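Structural features, examined
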Amino acid sequence: MAGDEVGIVSDLWRFPVKSFGGERLRRAFVGPVGVLGDRRHAVLDPAAGAALSARRVSALLGYSARSGDPDTGDAVVVTTPDGIELAPGDPDLSLDLTSRLGRPVQMARSPGAVHDCAPLHVVSEASLAAAGSWVDGEIDRRRFRANVVVELSEPGPFREAGWPGHRLSLGDAVVLGVVSPTERCAVTTYDPDTLERDTRVLAGIARDRDNLFGVYAEVVTTGWVAVGDTVRLLAA
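Because the structure is a prediction, the values reported are computed rather than measured.

Moving on, we come to the packing of aromatic side chains. With the rule as written, the count across this model stands at 6 aromatic pairs. Aromatic side chains Trp 134 and Phe 213 sit 6.1 Å apart centroid to centroid with 65° between the ring planes, which places their arrangement in the edge-to-face category. Linking Trp 134 in the loop between α2 (125–131) and β12 (148–152) with Phe 213 in strand β15 (residues 212–221), this pair joins segments that are 79 residues apart in sequence. For the pair shown, Trp 134 and Phe 213 are each scored as buried. What links up through ring pairs into an aromatic cluster is the set Trp 134, Phe 144, Phe 158 and Phe 213. A cation over a ring is seen here: Arg 27 above Trp 224, with NZ or CZ 4.0 Å from the ring centre.

Another aspect to go through is the environment of Ala 236. In this fold, Ala 236 is placed in the segment after β17 (230–234). Once residues lying within four places of it in the same chain are set aside, the contact partners of Ala 236 are Gly 165, His 166 and Arg 167.

Turning our attention to the sheet that holds strand β4 (residues 34–35). Across the sheet, which stays open at both edges, the 3 strands sit in the order β4-β3-β16 with antiparallel pairing between neighbours. Each edge of the open sheet is held by one strand with a lone partner, namely β4 and β16 (223–226).

The subject of this paragraph is the nonpolar core. In this structure, Trp 163, Leu 168, Leu 170 and Leu 176 are the most contacted members of the largest nonpolar core, which totals 24 residues. Those elements giving two or more residues to this core turn out to be β1 (4–14), β3 (27–31), β11 (120–124), β12, β13 (167–170), β14 (174–183), β15 and β17. Those residues in contact with Leu 176 that sit more than four places away from it in its chain are Leu 120, Val 122, His 166, Arg 167, Leu 168, Leu 170, Ala 217, Glu 218, Val 219 and Val 220. Leu 52, Leu 86, Leu 101 and Met 107 belong to the second largest nonpolar core, which has 16 residues in total.

Within the span of helix α3 (residues 200–209), buried status applies to Val 201, Gly 204 and Ile 205. Seen end-on, α3 carries its buried residues on one side only, within an arc spanning 100°. Where the residues of α3 are buried, they touch β15. Positive backbone phi, at 55°, marks Asp 210, one or two positions downstream of α3.

Here the focus is the side chain of Asn 147. Mapping Asn 147 onto the fold places it in the loop between α2 and β12. Take Asn 147: its relative accessible area is 1%, and that puts it in the buried class. Side-chain polar atoms of Asn 147 contact the side chain of Asp 38, separated by 3.4 Å.

Below, the discussion takes up the pairing of strand β5 (residues 41–45). Within β5, 4 of the 5 residues are buried, which leaves the element mostly enclosed by the surrounding structure. Relative to strand β10 (residues 106–109), β5 runs antiparallel, the two being bridged by 4 bridges. Of the residues in β10, the one forming a bridge with Ala 42 is Ala 108.

Moving on to the sheet that holds strand β7 (residues 64–69). As a general point, the strands of a sheet are linked pairwise by backbone hydrogen bonds and lie either parallel or antiparallel. Ordered in space as β7-β8-β9, the 3 strands form an open sheet in which the pairing is antiparallel. With one partner strand each, in any of the chains shown, β7 and β9 (85–86) form the two edges of the open sheet.

For the structure shown, the criterion picks out 18 salt bridges. Close ionic contact of Asp 116 with Arg 55 constitutes a salt bridge, the shortest N to O distance being 3.2 Å. In this pair, Asp 116 is assigned in the loop between β10 and β11 and Arg 55 in the loop between β6 (50–51) and β7, connecting sequence segments 61 residues apart. Here Arg 207 ties to Asp 208 by a salt bridge, and the two come within 3.1 Å at their closest N and O atoms.

Reading guide: rules and limits
- Residues numbered from 1 in each chain as written.
- Predicted model: local features only at pLDDT ≥ 70, side-chain atom pairs only at ≥ 80, totals over all residues.
- Heavy atoms only, no water.
- Phe/Tyr/Trp six-rings, centres within 6.5 Å; stacked < 30°, edge-to-face > 60°.
- Helix = DSSP H or I, 4+ residues; strand = E, 2+ residues; numbered from the N terminus.
- Buried < 20%, exposed > 50% of the residue type's maximum accessible area, 1.4 Å probe, protein only.
- Lys NZ or Arg CZ within 6 Å of the ring centre and 35° of its normal.
- Contact = heavy atoms within 4.5 Å.
- Pairing = 2+ DSSP bridges.
- Core = buried A, V, L, I, M, F, W, Y, C linked by side-chain atoms within 4.5 Å.
- Arc of directions from axis to C-beta.
- Polar contact = N/O pair within 3.5 Å; in protein donor to acceptor, adjacent residues only side chain to side chain.
- Salt bridge = Lys/Arg side-chain N within 4 Å of Asp/Glu carboxyl O.

Following this line, the structure appears as structure tokens:
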């Protein structure tokens with residue numbers, strides 16, 4: 001595929017439940033609404049008629065989810081903060097969430113995916129490394145909840161900030177349209193394991209990057225992508 005080679009895919013992630021911890025993948029099918037199985041489930045507030053987000057309900061980050069079938073994203077298993085494994089449709093999971101959140105909620109499955117702004121979030125390894133300067137050490141990439149991480153061919157962080165308006169090819173099949181930079185929120189301030197807050201992360205993004213970190217993308221051409229695939233920057 002023609003275009004300027006900018007790096008390789010170094011990391012792939014899927015988040016089977018919106019705002020829960022996700023799973024690292026070696027390969028993934030990218031469909032019209034993103035990585036297959038990504039954010040297919042969500043925690044629903046019946047009273048509001050809307051899915052909850054860790055932007056406002058940080059306790060959701062204490063749960064994690066993985067897929068029993070890595071290729072399809074099916075057979076999802078949720079692990080609660082107490083280490084109990086439950087299926088999304090298990091009533092005990094809704095009861096656990098209701099008790100922990102202090103309000104009636106239930107799990108819901110979307111026919112597509114429950115995204116805030118776009119189907120995919122892309123960042124570079126160089127940007128993640130540079131973010132460590134805000135916390136005086138290595139920063140956990142899970143704070144940024146990206147689907148695709150790119151190891152750039154040329155050194156330098158935040159190069160992806162110049163990608164909006166361009167297309168990006170991943171391997172021989174997948175083509176993305178980069179639509180906008182990603183505006184960050186309070187989710188980045190929470191340690192993915194302990195949920196302890198470190199506001200230096202978001203403060204650094206706001207101060208040094210105008211609160212923008214990584215880019216959002218939509219899917220132009222579907223297909224399989226794998227760690228190690230070549231990433232090329234294409235014309236709009």
